[in-house]
Amino acid sequence: MSLWMASSNLDNAASLLHHGGELIGIVAFAASGALLSVRRNLDIVGIVLLAAATALGGGIIRDVIIGKTPPTAFTNLWLVAAAVGTALVIFVWQPPARLTRWPLDVTDAVGLGLFAVTGTVTAYDYGLAAPSAAMLGLTTAIGGGIIRDVLSGTVPAVLRSNEHLYAIPSLAGAAVTAVLLHLDVYRPWVGLLCAGSVTVVRIASLRYGWHGPRPWYTKRERPEES
Amino acid sequence: MSLWMASSNLDNAASLLHHGGELIGIVAFAASGALLSVRRNLDIVGIVLLAAATALGGGIIRDVIIGKTPPTAFTNLWLVAAAVGTALVIFVWQPPARLTRWPLDVTDAVGLGLFAVTGTVTAYDYGLAAPSAAMLGLTTAIGGGIIRDVLSGTVPAVLRSNEHLYAIPSLAGAAVTAVLLHLDVYRPWVGLLCAGSVTVVRIASLRYGWHGPRPWYTKRERPEES
Amino acid sequence: MSLWMASSNLDNAASLLHHGGELIGIVAFAASGALLSVRRNLDIVGIVLLAAATALGGGIIRDVIIGKTPPTAFTNLWLVAAAVGTALVIFVWQPPARLTRWPLDVTDAVGLGLFAVTGTVTAYDYGLAAPSAAMLGLTTAIGGGIIRDVLSGTVPAVLRSNEHLYAIPSLAGAAVTAVLLHLDVYRPWVGLLCAGSVTVVRIASLRYGWHGPRPWYTKRERPEES
């Protein structure tokens, strides 16, 4: 943290805001993992584990990659508590199947935006160059969801042929954050703005069916063993 | 190791016991990976690789997370030899398909118990706090099996809706170990007792169909793309 | 790098050759990932991400395991550019489905050979013992392909029951490289020779249907949940 405080001229409020964002992102991703578990009819252990893996996985990968070991997720028990608590709330509430669809998309989108920004800030403040920090922001943002999908036996959303904008807004948010940090004009409220935009674009892409460009070769083969 | 010797007031016998447990856990998990490979009709390479990934994967993840690089699995060739040797024995013995079912469950349960304890001890003695050590014990215990299942294209046992107690006994064993270490009253034979209990509970849960609580929403949907 | 220069008595040309090999391996693996994405009909994001994960994944795992953080793939933007550029070329060229089959095998085989050698050299020059370096060479070589296959929802090629020689030639190439390094007689052209041999053996095994020995238990069960 000291490094973070040092490199970006922000006060405690900023730091709080940054960690608030990270915490909200963890809650959002934990909810997405827990909702998916409920849809998969997993028991409480599966719900807690998948929620924790989704919420903390991206940050753990980021910390391991930048060499910040042990990762915050294993040292700051508040983060773990947030993930597990969210999972337990959803377990107790037990949303009906239909309610596990759009809230899953929304919570996932919120986490996507917040982690793209906080992941970039964390990596940059740990001393990485702006481009590397942006790549790590993207990794943090999509890492948890990829772990969630791989563990639950589905192709990661970001790699599905029918997928909408997911990595693009997230990378854009991370890149903008990295540039702002590099120019030393990053401010937490700008970061939250970035995160919000990513979330909005992601949800809009789901709502309006936006897609990334795709090779114009139309015949859809069923996935086959490579 | 020196660190381990230093921080926990145990003699060489204890150290031997600790490493004996780790070695047995590696053999057990390697057997579970090899048996699964035989059932999948993989060739010798697949058997050896899946056995090694199952037996060493959890420890590698633990070491990478606590920052102990390169992981013991890459520096202590005895561990690799144990995993590969076990795989070769099973390859030569070539158990019939029906024999690959319950031995797989038993070996997996033995590895689960031993790694929950040794993983916690390793992390704690590397300097992590007791709660973090317990989490890493759980990670070590279930990591190898998760890698085995993901690599062989099945949803990890711990995340299957029909799964029995798996993570719960393992986490309990890790937690007890962590508490004992924290109170500085951990003794190797207690550790082995912990490991044994985890194994027994796991096998009993398979035998008697114990489950963790599950959202009372009965209709089972087939897993669908999230 | 300085370490690398120091520990292996090679001149700049050698270093260039080494990095040239690594770069070509990245392009080859990126192509294999991109071709698979095209076959899966992914959009441009999926193509770029899968190509990057395939091309850089093995090296990232290797660097994280040997403790070289942040991994070269996150600091040397040329490597990222090579992977992304390759993906974009294939996206623009948009090869028809039938063209995604054998080029995928060939590019994968080229990357397999080059990474087995460069991965071993990198690990050895980072200070690991020869056997560990060979294991890391294997990890680097098969890691990217495993990530590619797991992310795209197929069982990794190396663990498929109908798979041809894949890990064996790669491990052999890594082992020979490690021995040469240990004897301090490693020369880049020998390394390229190693890599080439691995590639040739791999392709020949596909062409002539070579298999590793397999338990003579013939009945093929369909993969079932373990």
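Values in this document were obtained by computation on a predicted structure and should not be read as measured data. Starting from 1, residues in each chain are numbered consecutively following that chain's sequence as written. In the order they appear in the text, chains get letters beginning with A and ligands get numbers beginning with 1. Selection of residues for local features in this predicted model requires a pLDDT of at least 70, selection of side-chain atom pairs for listing and counting requires 80 or more, and totals for whole chains, interfaces and linings are taken over all residues. Water and hydrogen atoms were dropped before computing side-chain values, which therefore reflect all heavy atoms in the structure.

Here we come to the UniProt feature "domain: Glycine transporter" (unreviewed entry) in chain A. Per the UniProt entry, the sites bearing "domain: Glycine transporter" (unreviewed entry) are residues 22-93 and 106-180 of chain A in this numbering. Here residues 22-93 of chain A is 86% helix and 0% strand, with 24 Å between the C-alpha atoms at its ends. UniProt positions are given in the numbering used here, feature names are shortened, and annotations may be inferred rather than shown by experiment. The helix count covers DSSP runs of H or I at least four residues long, the strand count covers runs of E at least two residues long, and both are numbered beginning at the N terminus.

Another point: the interface of chain B and chain A. In this complex, chain B contributes 35 residues to the contact, which on the side of chain A involves 37 residues. Across the interface of chain B and chain A, roughly 3000 Å² is buried in total on both sides, 65% from carbon and sulfur atoms. Salt bridges are defined as contacts in which a side-chain nitrogen from Lys or Arg sits within 4 Å of a carboxyl oxygen from Asp or Glu. Seen at the junction of chain B and chain A, the total is zero salt bridges. Polar contacts, as counted here, are pairs of nitrogen or oxygen atoms within 3.5 Å of one another; within protein the pair requires one atom able to donate a hydrogen and one able to accept it, and residues that are adjacent in sequence qualify only if both atoms are side-chain atoms. The interface formed by chain B and chain A includes one residue pair in polar contact (both at pLDDT 80 or more). Broken down by secondary-structure element, the contributors of at least two residues to the side of chain B that touches chain A are helix H3 (44-66), helix H7 (130-151) and helix H8 (167-182) of chain B. At nine residues, H7(B) tops the list of elements feeding residues into the side of chain B that touches chain A. Note on residue categories: nonpolar means Ala, Val, Leu, Ile, Met, Phe, Trp, Tyr, Cys or Pro, charged means Asp, Glu, Lys or Arg, and polar means any other residue, Gly included. Here the residues of the side of chain B that touches chain A are counted per class, giving 22 nonpolar, six polar and seven charged. Working rule for contacts: check all heavy atoms of both residues, and any pair within 4.5 Å makes them a contact. Accessible area, probed at 1.4 Å, shrinks when two parts are joined; the buried area is that loss added up over both.

Any two packed helices are characterised by the angle at which their axes cross and by the distance between the axes. Residues and elements named next belong to chain B. Where helix H6 (residues 102-125) meets H7, the closest approach of the two axes is 7 Å, and the angle between their N-to-C directions is 145°. The handedness of the crossing between H6 and H7 comes out as right-handed. Residue-level contacts link Asp 108, Leu 112, Phe 115, Ala 116, Gly 119, Thr 120, Ala 123 and Tyr 124 of H6 to Ala 130, Ala 133, Ala 134, Leu 136, Gly 137, Thr 140, Ala 141, Ile 142 and Arg 148 of H7. Residues of the contact of H6 with H7, tallied by class, amount to eleven nonpolar, four polar and two charged. What counts as an axis is a line fitted to C-alpha atoms, over the stretch in contact for a helix, and the angles between N-to-C directions run from 0 to 180 degrees. Crossing handedness: left-handed means the near helix sits turned counterclockwise from the far one by under a right angle, and right-handed means the same turn made clockwise.

Okay, the packing of aromatic side chains next. All names here are of chain B. Pairing of aromatic rings covers Phe, Tyr and Trp, the last through its six-membered ring, and needs centres within 6.5 Å; plane angles under 30 degrees mean stacked, over 60 mean edge-to-face, and all others mean tilted. Within this structure, the stated rule accounts for six aromatic pairs over all chains. On the numbers, 5.3 Å between centres and 50° between planes, the contact of Phe 29 with Phe 115 is tilted. Of the two residues, Phe 29 sits in helix H2 (residues 12-39) while Phe 115 sits in helix H6, which places them 86 residues apart along the sequence. Of the two residues, Phe 29 and Phe 115, neither departs from the other in class, the shared state being buried. Partly exposed residues are those whose accessible area sits between 20% and 50% of the maximum for their type, while under 20% is buried and over 50% is exposed, using a 1.4 Å probe and protein chains only.

What follows covers the relation of the copies chain B and chain A. The atoms used to superpose the copies are C-alpha atoms, taken from residues with pLDDT of at least 70 in both, and the fit is least squares. Between chain B and chain A, which share one sequence, the superposing operator has a rotation angle of 120° and an axial displacement of 0.0 Å; the RMSD is 0.0 Å. Here the symmetry operator amounts to a three-fold rotation axis. A distinct binding surface is used by each copy, with only 11% of the interface residues of chain B retained as interface residues in chain A.

Counting residues at the interface gives 35 residues for chain C, matched by 37 residues for chain B. Overall, the association of chain C and chain B removes approximately 3100 Å² of surface from exposure, summing both partners, and the carbon and sulfur fraction of that is 66%. Remark: the boundary between chain C and chain B carries zero salt bridges. Our count for the contact surface shared by chain C and chain B stands at one residue pair in polar contact (both at pLDDT 80 or more). Secondary structure elements with two or more residues in the side of chain C that touches chain B: helix H3 (44-66), helix H7 (130-151) and helix H8 (167-182) of chain C. No other element matches the nine residues that H7(C) contributes to the side of chain C that touches chain B.

This part covers the pattern of salt bridges. Evaluation of the coordinates by the stated rule reveals twelve salt bridges over all chains. The shortest N-O distance in the salt bridge between Glu22(A) and Arg62(A) comes to 3.6 Å. Linking Glu22(A) in helix H2 (residues 12-39) with Arg62(A) in helix H3 (residues 44-66), this pair joins segments that are 40 residues apart in sequence. Each member of the pair, Glu22(A) as well as Arg62(A), is classed as buried. Its salt-bridge partner being Asp108(C), residue Arg148(C) comes within 2.9 Å of it at the nearest N-O pair. Placement of the pair is Arg148(C) in helix H7 and Asp108(C) in helix H6 (residues 102-125), with a sequence separation of 40 residues. We classify Asp108(C) as buried; its relative accessible area is 4%. What emerges from the salt-bridge pattern is a single network uniting Glu22(A), Arg62(A) and Asp63(A).

In screw terms, the move from chain C to chain B is a rotation of 120° and a rise of 0.0 Å along the axis, fitting with an RMSD of 0.0 Å. The residues that chain C uses at the interface reappear at the interface of chain B in only 11% of cases, marking distinct surfaces.

What follows covers the UniProt feature "transmembrane region" (unreviewed entry) in chain A. Using the residue numbers shown here, the UniProt feature "transmembrane region" (unreviewed entry) corresponds to residues 20-37, 44-61, 73-93, 105-124, 130-151, 163-183 and 189-210 of chain A. Between the end C-alpha atoms of residues 20-37 of chain A the distance is 26 Å, and the span holds 100% helix and 0% strand.

Below, the discussion takes up helix H5 (residues 77-93) of chain C. All names here are of chain C. Each residue after the first adds 1.5 Å to the expected span of a helix. The end-to-end C-alpha separation of H5 is 24 Å, in line with the 24 Å expected for 17 residues at 1.5 Å each. Along H5, the residues that are buried comprise Leu 79, Val 80, Ala 82, Ala 83, Thr 86, Ala 87, Ile 90 and Phe 91. Viewed end-on, H5 has its buried residues packed into an arc of 165°, placing them on one side of the element. Residues Trp 78, Val 89 and Val 92 are exposed on H5 and point more than 90 degrees away from its buried face. Looking one or two residues past H5, Gln 94 carries a phi angle of roughly 45°, positive in sign. Note that the arc is defined by the directions from the helix axis to the C-beta atoms.

Only buried residues count toward a nonpolar core. Its members are Ala, Val, Leu, Ile, Met, Phe, Trp, Tyr and Cys residues joined through side-chain atoms within 4.5 Å. Counting 173 residues, the largest nonpolar core has Ile26(A), Leu56(A), Ile26(B), Leu56(B), Ile26(C) and Leu56(C) as the members making the most contacts within it. Leave out the neighbours within four places in its chain, and Ile26(C) touches Ala55(C), Leu56(C), Leu79(C), Ala82(C), Ala83(C) and Phe115(C).

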